[in-house]
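So you can see what is in the structure, the chains are spelled out below.
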Amino acid sequence: MTNERLPQTIVAVTRQPSASLARCELLHLPRREIDYAQARRQHSRYEDELSDLGCVLLRLPPAAELPDAVFVEDTCLVLDDLAIVARPGVPSRRPETEPLAGLLGAFRPVAFIEAPGTLDGGDVVRLGNRVFVGLSSRTNGAGLEQLAAHLVPRGYTVHPVSLNGCLHLKTALTAVSPDTLLVNRSWVAAEAFAAARTIDVHPDEPFGANALLVNGTVLHSASHPRTRERLEGSGIRVRPVEFSELEKAEAGVTCCCVLFDAGLPPRR
Ligand code: GLY
């Protein structure tokens, strides 16, 4: 037996938006009319980009009565050696997790965040073995403690991060390379990430910090062209995607998928 990995197959879990998206949860944004047909088209093109970047799509069944179900990122976390089914911070979103244990159990052992803990996957940013957890209105101390209890014995370090003025940690900060973070410093204290290289969003684009790294390319909303210039100027390969309708639901490009390597984890 060797220690080699099989060629990497990246799975992208997605779920198409439903017309109930108009009733989505909102925290910091005013409710605006969402063009549902356009949201479907934008989501479909986003899935096409994921496929084009080498992902194998696993589409969860549509959930007509769950307005935020398209935002699968918040339902779980998948690490190299463990999947964790989250417990979203708002009750309306908790039924979204129902199909996850079955799906993820085909790839990883599965653990759960349990009451009174709450945790939204959008509050978790991983850089190697460092896992940063945003203490947002959706993720509480009990959720953080449960997550740490699962991860620390597996060699991860878990770092709580305070947020100010945004929904999730990934609204304020995402990884755009294995050692580079794209950040909006007005929503998160960037000193918490001192060891990482950082790129700041353009000041006119506060929501520009949400980017999705897929196989060395970053998907980034076309709504933030000045931040895209900064990324490209720093040597990051970027593909812009139209995301305007999903953004009205207080979402970014990371929210609509969960990415993980389908292969077996490396032996330790
Ligand atoms: N609409 C996204 C959320 O509030 O979870």
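Structure: see above.
Read on for a plain summary of the structure. (Residues numbered from 1 in each chain as written. Predicted model: local features only at pLDDT ≥ 70, side-chain atom pairs only at ≥ 80, totals over all residues. Heavy atoms only, no water.)

**Thoughts on the site of the ligand**
Argument step 1. Every residue close to the ligand is listed here: E25, D68, R93, R138, L167 and A249.
Argument step 2. Between the ligand and A249, the relevant distance is 2.7 Å, taken from a nitrogen atom to a main-chain nitrogen or oxygen of the residue.
Argument step 3. Calculation on the ligand without its partners gives an accessible area of 200 Å², and the protein chains cover 99% of this total.
Argument step 4. Among the detected pockets, the ligand sits in the largest cavity.
Argument step 5. For the shell around the ligand, the residue count by class is two nonpolar, no polar and four charged. (Near = heavy atom within 4 Å. Polar contact = N/O pair within 3.5 Å; in protein donor to acceptor, adjacent residues only side chain to side chain. Areas by Shrake-Rupley, 256 points an atom, 1.4 Å probe, with all protein chains shown as cover. 1 Å grid on protein atoms, 1.4 Å probe; cavity = no way out; pocket = protein on both sides within 12 Å on 5 of 7 lines; lining within 4 Å. Sits in = over half its atoms within 2 Å of the grid points. Nonpolar A, V, L, I, M, F, W, Y, C, P; charged D, E, K, R; others polar.)

**Topic: the nonpolar core**
Argument step 1. In terms of nonpolar packing, the biggest core is built from 26 residues, with L21, Y46, L50, F71, L212, L219 and F243 touching the most fellow members.
Argument step 2. The set of elements that each furnish at least two residues to this core consists of strand 1 (10-14), helix 1 (36-52), strand 2 (55-59) and strand 12 (211-214).
Argument step 3. Looking at this core element by element, the count peaks at three residues for helix 1.
Argument step 4. Sequence-distant contacts of L50, that is, excluding residues within four places in its chain, are made with A12, T14, C55, L57, L212, V214, L219, C257 and L259. (Core = buried A, V, L, I, M, F, W, Y, C linked by side-chain atoms within 4.5 Å. Buried < 20%, exposed > 50% of the residue type's maximum accessible area, 1.4 Å probe, protein only. Helix = DSSP H or I, 4+ residues; strand = E, 2+ residues; numbered from the N terminus. Contact = heavy atoms within 4.5 Å.)

These figures come from the coordinates and say nothing about function on their own.
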